[in-house]
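So the chains spell out like this:
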Amino acid sequence: MSQERRHSRPTARASLKAAKAGAKKKILVLHGPNLNLLGTREPEHYGKTSLARINDELVKRAKTAGATLECYQSNVEGELVNRIQQAAAEGVDFIIINPAAYTHTSVAIRDALAAVKVPFVEVHLSNIYRREAFRHRSYFSDLAVGCISGLGAAGYELALEYALCHPPES
Ligand code: DQA
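Rules used in this analysis
- In this numbering scheme, every chain counts its residues from 1 along its sequence in written order.
- pLDDT decides what is reported in this predicted model: residues at 70 or higher carry local features, side-chain atom pairs at 80 or more are listed and counted, and totals for whole chains, interfaces and linings draw on all residues regardless.
- Known as pLDDT, the predictor's confidence for each residue is given on a scale from 0 to 100.
- Here the contact rule is simple: place C-beta atoms from the backbone, and any two residues whose C-beta atoms are within 7 Å are in contact.
- Throughout this description, a residue near a molecule or strand is one whose C-beta atom, derived from the backbone, lies within 6 Å of it.
- Residue polarity follows a fixed list, in which Ala, Val, Leu, Ile, Met, Phe, Trp, Tyr, Cys and Pro are nonpolar, Asp, Glu, Lys and Arg are charged, and the others, Gly among them, are polar.
- The way it works is that DSSP assigns letters per residue, a run of H or I at least four long becomes a helix, a run of E at least two long becomes a strand, and they are numbered from the N terminus.
- Residue burial is a threshold on neighbouring C-beta atoms within 10 Å of the residue's own C-beta, all placed from the backbone, with 20 or more meaning buried, 12 or fewer meaning exposed, and counts in between meaning partly exposed.
- Criterion used throughout: strands pair if DSSP finds at least two bridges between them.
- Simply put, an axis is a line fit to the C-alpha atoms, just over the touching stretch for a helix, and the angle between two N-to-C directions goes from 0 to 180 degrees.
- The term nonpolar core refers to a group of buried residues, namely Ala, Val, Leu, Ile, Met, Phe, Trp, Tyr and Cys, whose C-beta atoms join them within 7 Å.
- Note that the arc is defined by the directions from the helix axis to the C-beta atoms.

Draft legend 1. Molecular detail of the confidence of the model for the protein. Per-chain confidence: the protein averages 90 in pLDDT, with 85% of residues scoring 70 or above. Segment residues 1-8 is flagged for pLDDT under 50; beyond a separation of four residues in sequence, or across chains, it makes one contact in the model. Low confidence marks residues 10-15, where pLDDT is under 50. Its contacts with residues over four positions away, or in another chain, come to one contact.

Draft legend 2. Seen up close, the site of the ligand. All residues adjacent to the ligand are Asn34, Asn98, Ala100, Ala101, Thr103, His124, Leu125, Ser126, Ile128 and Arg135. Of the residues assigned to the shell around the ligand, the class counts are four nonpolar, five polar and one charged.

Draft legend 3. Spatial organisation of the environment of Ala163. For Ala163, the location among the structural elements is in helix 7 (residues 154-164). The exposure class of Ala163 is buried, given the 25 C-beta atoms found within 10 Å. If near-sequence neighbours (up to four positions away) are discounted, Ala163 is found in contact with Ile27, Phe94, Ile96 and Val121.

Draft legend 4. Expanded view of the sheet that holds strand 2 (residues 68-73). Ordered by their spatial adjacency, five strands build an open sheet running 2-1-3-4-5, and the pairing between neighbours is parallel. Each edge of the open sheet is held by one strand with a lone partner, namely strand 2 and strand 5 (146-149). On average, adjacent strands in this sheet sit at an angle of 15 degrees to one another, irrespective of strand direction. One ladder, built from three bridges, connects strand 3 (residues 94-98) with strand 4 (residues 120-124); its direction is parallel. Directly across from Ile96, in strand 4, lies its bridge partner Val121. On the sheet, helix 4 (residues 51-64) packs against strand 1 (26-31) and strand 2 and is oriented at approximately 165 degrees with respect to strand 2.

Draft legend 5. Up close: the nonpolar core. Membership of the largest hydrophobic core comes to 35 residues, with the highest contact counts inside it found for Ile27, Val29, Ile95, Ile96, Tyr156, Ala159 and Leu160. Of all the elements in the fold, those that place two or more residues in this core are strand 1, helix 4, helix 5 (77-90), strand 3, helix 6 (107-116), strand 4 and helix 7. Those residues in contact with Ile95, other than ones at most four positions away along the chain, are Leu28, Leu30, Ala87, Val118 and Phe120.

Draft legend 6. Representation of unusual backbone geometry. For the bond from His166 to Pro167, the omega torsion is -5 degrees, close enough to zero to count as cis. In this structure, Pro167 sits in the segment after helix 7. Its identity is not glycine, yet Asn34 carries a phi of approximately 75 degrees, on the positive side. On the secondary structure map, Asn34 appears in the loop between strand 1 and helix 3 (43-46).

Draft legend 7. Geometry of helix 6. Considered for burial, the residues of helix 6 that qualify are Ile109, Ala112 and Leu113. The arc that holds the buried residues of helix 6, viewed along the axis, is 95 degrees, so those residues lie on one side. Turned more than 90 degrees away from the buried face of helix 6, the exposed residues are Val107, Ala114 and Ala115. The inward-facing, buried residues of helix 6 abut helix 5 and strand 4. Trailing helix 6 by a residue or two, Lys117 shows a phi angle of about 60 degrees, which is positive.

In structure tokens, the structure reads:
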């Protein structure tokens, strides 16, 4: 192939970048098991705000910023794995995830995030380092862009602010 020809054909990466330019940023928020009970579940750890309220605020904020945001909660590990794989196929740009109890157990969800390579922030409502020792280990933190733990529902909002400007040039 001539030098000229090679340069005239865009690479797959350049085509993807071009297709994405001007497209709305897509953000996915994933909630793990028992987070559907927020509002009534152990409010001393998780606060009194319901999951619906948290999600509504995130959707509103994303919309104002010109991004799309979808929330998904499941009590089932495999469903979270499937949603992460689907996110890659949909071209999701950023994931905010509270893996809840799976934080401390799930190699499967970790592997899904590693496989799709979508950047993500790990969020916990409670400060997992101030709680039982088994909560101190996360299968996600070393893969995450960053972690927010202990700031309640504000943790999701802060993660979203980060997602909206990540990467800085997009
Ligand atoms: C949690 C902390 C986890 O240890 C726990 O299993 C949860 C919620 C949090 O948001 O603080 O379900 O992820």
